[in-house]
Amino acid sequence: MSQDLANEPSESLSVTISGGSMGGLFTGIALDSAGHDVTIAERSTGDLRSRGGGILAQQSIRQFLSRHDIIDPTRITTRASERRFLTVDGDVQTATPDSAVFTSWDAVYRQLRAAFPDDRYHTGRTVTDLKPTDGTVRFADGDRTTADLVVAADGGRSTAREQLFPDVDTEFADYVAWRGVVPEADLSDAVIDAFDDRFTFYKGNRTLILAYFIPGEDGSTDPSDRRLNWVWYDTLSGRERETIFTDTTGTSQQFSVSPGQLRDPVETRQRERAAEILPPVFTNLVESTTAPFAQAIYDLQTPQMTVDRVCLLGDAAFVARPHTGAGTSKAASDAVELKAALDRYSSLRDALASWNESRTDYGARLVARGKEMGDERLSLVS
Ligand SMILES: Cc1cc2nc3c(=O)[nH]c(=O)nc-3n(C[C@H](O)[C@H](O)[C@H](O)COP(=O)(O)OP(=O)(O)OC[C@H]3O[C@@H](n4cnc5c(N)ncnc54)[C@H](O)[C@@H]3O)c2cc1C
C-alpha cells in the first residue's frame, strides 16, 4: 500500500470500522452504498442490548433511514405537538405549540443492524491497536488486518482516541441524568392523558425532568405498545459520583449504571427525592418505573478527527451533553458527510482533510452548546 495519502484515490476503499453501534452502522451502511468494501468489528458479543432509552429523532436520523431505504421513519417514531412546562403542583405553567419527533435507541439500532450484511459485521472482535500511517488494525485475539481507511466509532471510551490523543479526557459535570421507561400498559389514564402528544418538562431548583412517548420494545408505535420515556437531570445532592455509579455488583462504573444495576439505597433515595421535589405526575412516573438507570453527564472533545488514515467518528470524537439531543444524529451526519467527502474529492488525503475540518468544527460547537444548555436549564449559572 502507498504511504502517500495525497496520491491515493478515494474510491473503492477497503474500510475497517471499530465499533458496531450507531456510528459504526451509519458509516458502514453509507460507505457500503457508495461501493466501498466495509467490515465492522464490534467488541460486544451478540446483539447490543439498549439501556432502553428514548432519543430525539432528528432530521439527520430520519433522512438516513429513508434515503438508504431502511424503513419509513414514521413507522418507528412518535410525535408531540406541544411543549409544556408544569408547576411543582402539576398545573400547566406554559404550553407552546412545538412539534418534536422521538424514537428509541433500540428501534433505530435494530433497523440499522438489519440493513448491514451479517457476513461483514463481526461481534466479539475488540480492536486493541491502530497504525494510522498504513491502516493496520490489531485485535484482542492477536489477529490483524490492513485497510485503506479505518473508522474508529468505538464510543466515548474509545480505545483509538486513547491511543491517538492520550491527553484528551472526559470532563464530568456536577449532575447526573436519571432515566427510565414505563410501558404504556402500566400507566394510569390520567398519566397517559397528561403526557400524550406532549414534550413535558418541570424545572425546579437545579433540577429538570422531561418526558415523552417513544415506540414499544418491538418498535411499534401503536398507542397501547408505546413506552413513556423520562430523563431527570439532577445535581449529585451531596453524594459522591462514586456512590451513585457503584452498581449492584460493587463495580464502580464511570459512565452509566444499567437498568436493574442501581443499588437499592441509591434508587430509594432518588425515588424519595422525586416525591419531595417533583410535580405529582412526574413522581408517579418515577414510582411506576421498575428499573431506572443513571447516566453520567460529561463533555469530551478531541482536537481533530483524523490522523492519517484513521477517522474518529461519533462519540469517539465528541460527546455533547444530552440536552442537545444530538448524540445519535451527530453520528449519522458524521457518517453521511464522510461518504460525501470521499465522493467529492479524488484523493483520500483531500477528502479526509475536508471532513476533518468541517466535522471537528461542528463537534466543538455542539459541545460548547451542550455546556451552555446544561448550565442554563439547570440554572447552574445565574
Ligand atoms: C448498547 C448501547 C445502548 C445505548 N442506548 C442509548 C439510549 O438509550 N439513549 C441514548 O441517547 N444513547 C444510547 N447509547 C449511546 C448512543 O449510541 C451514542 O451516544 C450515539 O449514538 C453515538 O454512537 P457511537 O456509535 O458513536 O457510540 P456508542 O453507541 O457508544 O458505540 C460504541 C461501540 O463501540 C464498541 N466498542 C468500544 N470499544 C471497542 C473496541 N476496542 N473494539 C471494537 N468495538 C468497540 C462498543 O461496544 C459500542 O458498540 C447507547 C449505546 C450503546 C452501545
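Each remark here, short or long, concerns the structure printed above.
Residues numbered from 1 in each chain as written. Predicted model: local features only at pLDDT ≥ 70, side-chain atom pairs only at ≥ 80, totals over all residues. Heavy atoms only, no water.

## Structural notes on the sheet that holds strand β2 (residues 37–42)
Next up, step 1: Reading across the sheet, the six strands line up as β6-β2-β1-β10-β18-β17 and stay open at both edges, with mixed pairing between neighbours. Edge positions in the sheet fall to β6 (121–123) and β17 (306–307), since each of these pairs with one other strand and no more.
Next up, step 2: Relative to strand β18 (residues 310–312), strand β10 (residues 149–152) runs parallel, the two sharing three bridges. Along β18, the bridge assignment pairs V150 with V310.
Next up, step 3: In this fold helix α1 (residues 22–33) packs onto β1 (14–18), β2, β6 and β10, with an angle of close to 165° to the strand it touches most, β2. (Pairing = 2+ DSSP bridges. Helix = DSSP H or I, 4+ residues; strand = E, 2+ residues; numbered from the N terminus. Contact = heavy atoms within 4.5 Å. Axes fitted to C-alpha atoms, helices over the stretch in contact; angles between N-to-C directions.)

## A closer look at the packing of α1 against helix α3 (residues 105–115)
Next up, step 1: One can describe the packing of α1 onto α3 by two numbers: an axis separation of 10 Å at closest approach and a directional angle of 35°. Where α1 crosses over α3, the handedness of that crossing is left-handed. Counting all contacts with α1, which are made through M22, L25, F26 and I29, the residues of α3 involved are W105, V108, Y109, L112, R113 and A115. (Left-handed = near helix turned anticlockwise from the far one by under 90°.)

## Here we look at the site of the ligand
Next up, step 1: Around the ligand, the surrounding shell holds 28 residues, and the nearest of these are S21, G23, E42, W105 and D315.
Next up, step 2: A distance of 3.1 Å is found between a nitrogen atom of the ligand and a backbone nitrogen or oxygen belonging to R43.
Next up, step 3: In isolation the ligand exposes 920 Å². Once the protein is present, 88% of that is buried.
Next up, step 4: Every element with two or more residues in the shell around the ligand is listed here: α1, β2 and α9 (327–344).
Next up, step 5: A class-by-class count of the residues in the shell around the ligand yields seven nonpolar, 13 polar and eight charged. (Near = heavy atom within 4 Å. Polar contact = N/O pair within 3.5 Å; in protein donor to acceptor, adjacent residues only side chain to side chain. Areas by Shrake-Rupley, 256 points an atom, 1.4 Å probe, with all protein chains shown as cover. Nonpolar A, V, L, I, M, F, W, Y, C, P; charged D, E, K, R; others polar.)

## Thoughts on the nonpolar core
Next up, step 1: V15, F26, L112, L149, L312, L338 and L342 are the most contacted members of the largest nonpolar core, which has 65 residues in total.
Next up, step 2: Residue assignment places this core across two domains, with domain 1 (5–45 + 124–168 + 302–377) and domain 2 (57–61 + 65–104 + 172–297) each supplying three or more.
Next up, step 3: Residue contacts for V15: discarding those within four places in its chain leaves L31, H36, D37, V38, T39, A147, L149 and V151. (Core = buried A, V, L, I, M, F, W, Y, C linked by side-chain atoms within 4.5 Å. Buried < 20%, exposed > 50% of the residue type's maximum accessible area, 1.4 Å probe, protein only. Domains from an automatic or database assignment.)

## So, the pattern of salt bridges
Next up, step 1: Scanning the model with the defined rule gives 24 salt bridges in all.
Next up, step 2: If you follow the salt bridges from partner to partner, you end up with E82, R84 and R198 in one network. (Salt bridge = Lys/Arg side-chain N within 4 Å of Asp/Glu carboxyl O.)

## Regarding the side chain of E267
Next up, step 1: Along the polypeptide, E267 turns up in helix α7 (residues 264–277).
Next up, step 2: In terms of polar contacts, E267 uses its side chain to reach the side chain of R271, at 2.6 Å.
Next up, step 3: In this view, E267 contacts L262, T290 and P292; residues no more than four positions away in its chain are not counted.

## As for the sheet that holds strand β9 (residues 144–146)
Next up, step 1: Pairing is antiparallel in the open sheet, where three strands are placed in the order β7-β8-β9. Looking at which strands have only one partner, the edges of the open sheet turn out to be β7 (127–131) and β9. Taking each pair of neighbouring strands and ignoring which way they run, the sheet shows an average axis angle of 20°.

## Focus on the environment of D32
Next up, step 1: With respect to the helices and strands, the residue D32 is situated in helix α1.
Next up, step 2: Classification of D32 as partly exposed rests on a relative accessible area of 29%.
Next up, step 3: Considering only alpha carbons, one finds D32 and V266, 234 residues apart in sequence, at a separation of 45 Å.

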